[in-house]
Protein chains: 2
Amino acid sequence: MVTPRELRDPDCPIRSVLDRIGDKWSFLLILTLAPRPHRFGELRRAVDDISQRMLTQTLRSLQRDGLVDRTVFPTTPPSVEYRLTALGLSLLEPMRGLVAWADLQLPAITGARARFDAAQV
Amino acid sequence: MVTPRELRDPDCPIRSVLDRIGDKWSFLLILTLAPRPHRFGELRRAVDDISQRMLTQTLRSLQRDGLVDRTVFPTTPPSVEYRLTALGLSLLEPMRGLVAWADLQLPAITGARARFDAAQV
DNA sequence: CAGGATCCCTTCCGATACTG
DNA sequence: CAGTATCGGAAGGGATCCTG
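The rules we used
Here the residue index of a chain counts from 1 through its sequence in written order. Lettering of chains starts at A and numbering of ligands starts at 1, both following the order in which they are written. Only residues with pLDDT of at least 70 are given local features in this predicted model, and only at 80 or more are side-chain atom pairs given and counted; all residues enter the totals for whole chains, interfaces and linings. For the side-chain quantities, the full set of heavy atoms in the structure was used; hydrogens and water were omitted. Consider each residue's heavy atoms; a residue with any of them within 4 Å of a molecule or strand counts as near. For the purposes of these results, a polar contact is taken to be a pair of N or O atoms within 3.5 Å, where, inside protein, one atom must be able to donate a hydrogen and its partner to accept one; residues adjacent in sequence count only when each atom of the pair is a side-chain atom. Segments assigned H or I by DSSP are reported as helices when at least four residues long, segments assigned E as strands when at least two residues long, and all are numbered from the N terminus. Under the grouping applied here, Gly and all other residues not named as nonpolar or charged are polar, the nonpolar ones being Ala, Val, Leu, Ile, Met, Phe, Trp, Tyr, Cys and Pro and the charged ones Asp, Glu, Lys and Arg. For this analysis, residues touch if any pair of their heavy atoms sits within 4.5 Å. Buried area: the accessible area, evaluated with a 1.4 Å probe, that two parts lose upon being put together, summed over both parts. Between Lys or Arg on one side and Asp or Glu on the other, a salt bridge is scored when a side-chain nitrogen of the former is within 4 Å of a carboxyl oxygen of the latter. Here the term buried applies to any residue with accessible area under 20% of the maximum for its type, exposed to any over 50%, and partly exposed to those in between, with areas from a 1.4 Å probe on protein chains only. A strand pair is defined by DSSP finding two or more bridges across the two strands. Helix axes use the C-alpha atoms of the stretch in contact, all axes being lines fitted to C-alpha atoms, and the angles between their N-to-C directions lie in the range 0 to 180 degrees.

J.: What exactly am I supposed to notice about the protein's contact with DNA strand D here?
T.: Taken together, 18 residues lie around DNA strand D, and A:S51, B:G41, B:Q52, B:R70 and B:Y82 are the ones closest in. Here DNA strand D approaches the protein such that, of its atoms within 4 Å, sugar and phosphate make up 56%. Here A:R53 contributes a side-chain N or O atom positioned 3.0 Å from a base nitrogen of DNA strand D. Between DNA strand D and B:R70 there is a distance of 2.5 Å, counted from a phosphate oxygen to a side-chain nitrogen or oxygen. Breaking the surface near DNA strand D down by element, the ones donating at least two residues are α5 (52-64) of chain A together with α4 (40-46), α5 (52-64) and β3 (79-84) of chain B. It is α5(B) that contributes the most residues to the surface near DNA strand D, 4 residues altogether. Considering only residue class, the surface near DNA strand D consists of 8 nonpolar, 5 polar and 5 charged.

Structure, rendered in structure tokens:
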């Protein structure tokens, strides 16, 4: 287990990993790719508030980290498929733990926010 | 279980929760507060690359979400203690799942990054 | 179809100075 | 000690246009 001490080190390499996972678009794209591979346009439609720029950029970083595999089919017009690697698939379990927590605790958090905001006059 | 479809909704409330958890400083502060309560100055020294501004700001948002409890002791000089709430404590388990994954897969990710960067000439 | 390139606006965030 | 307030640079990210 990693101690908080290591994570508090500004140069801790695990930070760079957690930063990626914590990224909004990375998180959503990984979950979207979980059931099956998707093409570029499919992903854009699936996550309909992502801009083309961020989609490309996020997919590149996921590919760089070895979480996503990119396959180009030299057809006309070109077709590109994105799929989770084994590494990417292994990330699903801890990610879903977090989603399950957020889902379960959503009422508590929403309530806390409302009380806090009400107390600030 | 939350389906990806809901998360892909721009207005999905779970997104706002995940955004907080994914936040770099929130994540570190929660882990730092895990073993015991800390005072403001303690936290600043513990996470030594956080600015005073971000520390205050992040603690406020954690308090607002009901994850952290803030107690003021009316001494001179003033003393303020931050501690995890039951809700905050319950978040530790899924968070540690992610940290454990990152720790375990760090070599694979580092290797993938190196290969990717090398391939880009 | 799957991007690359550019412009530009907003938000983040660190540094600094000040206060009860 | 534990903040608040303000400024300004850096980065994030959307909109648009262009191409193999």
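J.: Could you clarify how one ought to interpret the interface of chain A and chain B in this entry?
T.: Size of an interface, as often reported, equals the accessible area lost when the parts are brought together. Between chain A and chain B, the contact holds 51 residues from the first and 52 residues from the second. Taken together, the two surfaces of chain A and chain B that pack against each other cover about 4,800 Å², and 71% of this comes from carbon and sulfur. Together, A:R64, A:W101 and A:R113 form the three largest contributors to the area buried by chain A at its contact with chain B, with a combined 15%. At the boundary of chain A and chain B, one finds 6 salt bridges. The partner of A:D49 in a salt bridge is B:R15, and the shortest N-O contact between them spans 3.1 Å.

J.: I tried to follow the side chain of B:T32 on my own but got confused; where do I start?
T.: In this fold, B:T32 is placed in helix α3 (residues 24-33). On the basis of relative accessibility, which here comes to 2%, the residue B:T32 falls in the buried class. When near neighbours in sequence (up to four residues on either side) are disregarded, B:T32 contacts A:R8, B:H38, B:L43, B:A46 and B:V47.

J.: It is not clear to me how the protein's contact with DNA strand C should be interpreted in this structure. Could you clarify?
T.: A:G41, A:Q52, A:R70, A:Y82 and B:S51 are the nearest of the 18 residues found near DNA strand C. A share of 57% is what sugar and phosphate atoms reach among the atoms of DNA strand C within 4 Å of the protein. A:R70 places a polar side-chain atom, nitrogen or oxygen, 2.4 Å from a phosphate oxygen of DNA strand C. In this structure, B:S51 approaches DNA strand C through a side-chain N or O atom, which is 2.7 Å from a phosphate oxygen.

J.: Would you take a moment to explain the sheet that holds strand β1 (residues 38-39) of chain B for this structure?
T.: Through backbone hydrogen bonds, the strands of a sheet pair up, either in parallel or in antiparallel fashion. Residues and elements named next belong to chain B. Taken in spatial order, the 3 strands of this open sheet run β1-β3-β2, and their pairing is antiparallel. Both outer strands of the open sheet, β1 and β2 (68-73), are each paired with one neighbouring strand and no more. Judged from the 6 bridges that link them, β2 and β3 form a sheet pairing that is antiparallel. Opposite V72, over in β3, you have V80 as the bridge partner. Lying over the sheet, α5 contacts β2 and β3, oriented at roughly 115° with respect to β2.

J.: Quick question: what am I supposed to make of the packing of helix α6 (residues 86-119) of chain A against α5(B) here?
T.: To characterise two packed helices, one gives the angle between the axes of the helices and the distance between these axes. The contact between α6(A) and α5(B) brings their axes to 8 Å, and the two run at 115°. Contacts from A:A112, A:R113, A:F116 and A:D117 in α6(A) reach B:R60, B:Q63 and B:R64 in α5(B). Of the residues in the contact of α6(A) with α5(B), the class split is 2 nonpolar, 1 polar and 4 charged.

J.: Looking at this structure, how should I read the pairing of β3(B)?
T.: It is a general feature of regular strands that their side chains alternate between the two faces of the sheet. Residue and element names in this part refer to chain B. Most of β3 is tucked away: 5 of the 6 residues are buried. Of the pairings in the sheet, the one linking β1 to β3 comprises 2 bridges and is antiparallel in character. Across the sheet, R39 pairs through a bridge with E81, a residue of β3.

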